[in-house]
Amino acid sequence: MMVKTYVLKGKVMIIEYLEKLHHEMYESKLNFETECHKKEVLLDDNSKFIQALENSLDENFESFSPRDVDFESHLKIESLLKEQKKTEAEIEELEAEIAKLNTHLAELEHVLKTARENEKSSLMKETLKEKTEVDHWSFLEMQEREHQYLAKKMHDFALQSFTNLIHKIEICTKFIDVDTVRSRLELHAVSKQIRDIIQDTRDVIYELCPMALDDIHLGYAIEKEIAILRKSEILNVSYETLGEPIELPPIMSLTILRIVQEACHNILEHANAKHVLVQVKYEGSSIGIIIEDDGDGFIINDIQNLKRKDGSGLGIPMMQERICLFSGRLDIDSEPGKGTRIVMKIPIDKEDE
């Protein structure tokens, strides 16, 4: 990394030197052009003066003029003509110098253009590499947070439920010969709890890998997620799609579904909203997702301080990281008492479809 930094700095120094040289040559050219213009003006003035003197030597006018004046005019004309030749030679030399400078400047500008393009290309490659490294770290951090979230969820419902089951089974073994009715009731509760554990396990498996995305398009998967939210009977959720649906790569569909899940769970747990709109808009070269609620809203700058009930955070950074992996954009518009509007846009590379 240090070697590449030095190389980049070296290229910048070369460009700075070339720019300085170009500036000096351009200043010289301007000075030559100014001097050349002055001499052209002088040449023009002298030509006019010589013409005036020659007119004064008109034969009719000469007969009325003193001879000494006439002689002086001839001398002056000769002197001016010599000066004209000298000035014309100087103008030719200046024009030759200007032509040389124009050639050198054109060559230097071409070299400068190439050097700037190379510097820009090197800078873009370096920036892209740094961004890729940051994206890799962000991806690993995002995976680790998801693992922690799922581990906590498994602990909350699975381990605690299994511990409770062990206690119930132990009670049944003690009372099975003494109180068969109570034993049956406990076994019935155990059976129900096992069914609940199975359902919770299915939910976790679905979170890890939604089966619908393997065979069914994104719209159906989002509809299924919204159906789960509607079962809470807390939110009135509306869902709509705009534009012609496009078949997306599975990983992109999964990412969009994760973002929708995260945003909807945030609304359910924090927003105190009554109505939610989820809109998916297919725009040919991109896909847009809008999630809007009429809940409490929040101050954007305080978003990092917001926490779930389990203390795991709102997951907004995770949503942003997911979008960045696809070179997308996430905008959040929210104010206290005015609800929240989340707008996402992800470009679609049709070659990957």
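Residues numbered from 1 in each chain as written. Predicted model: local features only at pLDDT ≥ 70, side-chain atom pairs only at ≥ 80, totals over all residues. Heavy atoms only, no water.

1. Details of the sheet that holds strand E2 (residues 275–282)
Reading across the sheet, the five strands line up as E1-E2-E3-E5-E4 and stay open at both edges, with mixed pairing between neighbours. Among the strands making up the open sheet, the edge pair consists of strand E1 (236–242) and strand E4 (329–334). Ignoring which end each strand starts from, the neighbouring axes of this sheet average 10° apart. Sheet topology note: the E4/strand E5 (residues 340–347) ladder contains six bridges and is antiparallel. The partner of Asp-333 across the bridge, within E5, is Arg-341. Docked against the sheet, helix H6 (residues 218–230) engages E1, E2 and strand E3 (286–293), running at close to 170° with respect to E1. Across the sheet, helix H8 (residues 316–325) lies against E4 and E5, angled at about 145° from E4, the strand it touches most. (Pairing = 2+ DSSP bridges. Helix = DSSP H or I, 4+ residues; strand = E, 2+ residues; numbered from the N terminus. Axes fitted to C-alpha atoms, helices over the stretch in contact; angles between N-to-C directions. Contact = heavy atoms within 4.5 Å.)

2. A few points about the pattern of salt bridges
With the rule as written, the count across this model stands at 11 salt bridges. One salt bridge in this structure joins Lys-48 and Asp-44, with 3.4 Å as the shortest N-O distance. Within this pair, Lys-48 and its partner Asp-44 are both found in helix H1 (residues 2–56), separated by four residues, close to a single helical turn. A residue is classified by how much of its surface remains accessible, and Lys-48, at 54% relative accessible area, is exposed. Across the salt bridge formed by Asp-331 and Arg-329, the nearest N and O atoms sit 3.0 Å from each other. Relative accessible area serves as the criterion here: at 56%, Arg-329 is assigned to the exposed category. Taken together, the shared-partner salt bridges connect Glu-35, Lys-39 and Glu-90 into one network. (Salt bridge = Lys/Arg side-chain N within 4 Å of Asp/Glu carboxyl O. Buried < 20%, exposed > 50% of the residue type's maximum accessible area, 1.4 Å probe, protein only.)

3. Examining the packing of helix H7 (residues 250–271) against H8
Direction vectors running N to C along H7 and H8 enclose 160°, while the axes themselves pass 10 Å from each other. Here H8 runs roughly antiparallel to H7, going by the angle between their axes. Where H7 crosses over H8, the two elements pack in a sense that is left-handed. Within the contact between the two elements, H7 uses Thr-255, Arg-258, Ile-259, Glu-262, Ala-263 and Asn-266 and H8 uses Ile-316, Met-319, Arg-322 and Ile-323. When its residues are assigned to classes, the contact of H7 with H8 shows five nonpolar, two polar and three charged. (Parallel < 35°, antiparallel > 145°, perpendicular 65-115°, else oblique. Left-handed = near helix turned anticlockwise from the far one by under 90°. Nonpolar A, V, L, I, M, F, W, Y, C, P; charged D, E, K, R; others polar.)

4. Details of the pairing of E3
Summarising burial for E3: seven of the eight residues are buried, a large majority. As defined by bridge partners, E2 adjoins E3 across seven bridges and the pair is classed as antiparallel. Pairing of Leu-277 across the sheet is with Glu-292, part of E3. Between E2 and E3, which pair antiparallel and follow one another directly, the connecting turn spans three residues, one of which, Gly-284, has a positive phi of 80°. For E3 and E5, the ladder comprises eight bridges, and the chain directions are antiparallel.

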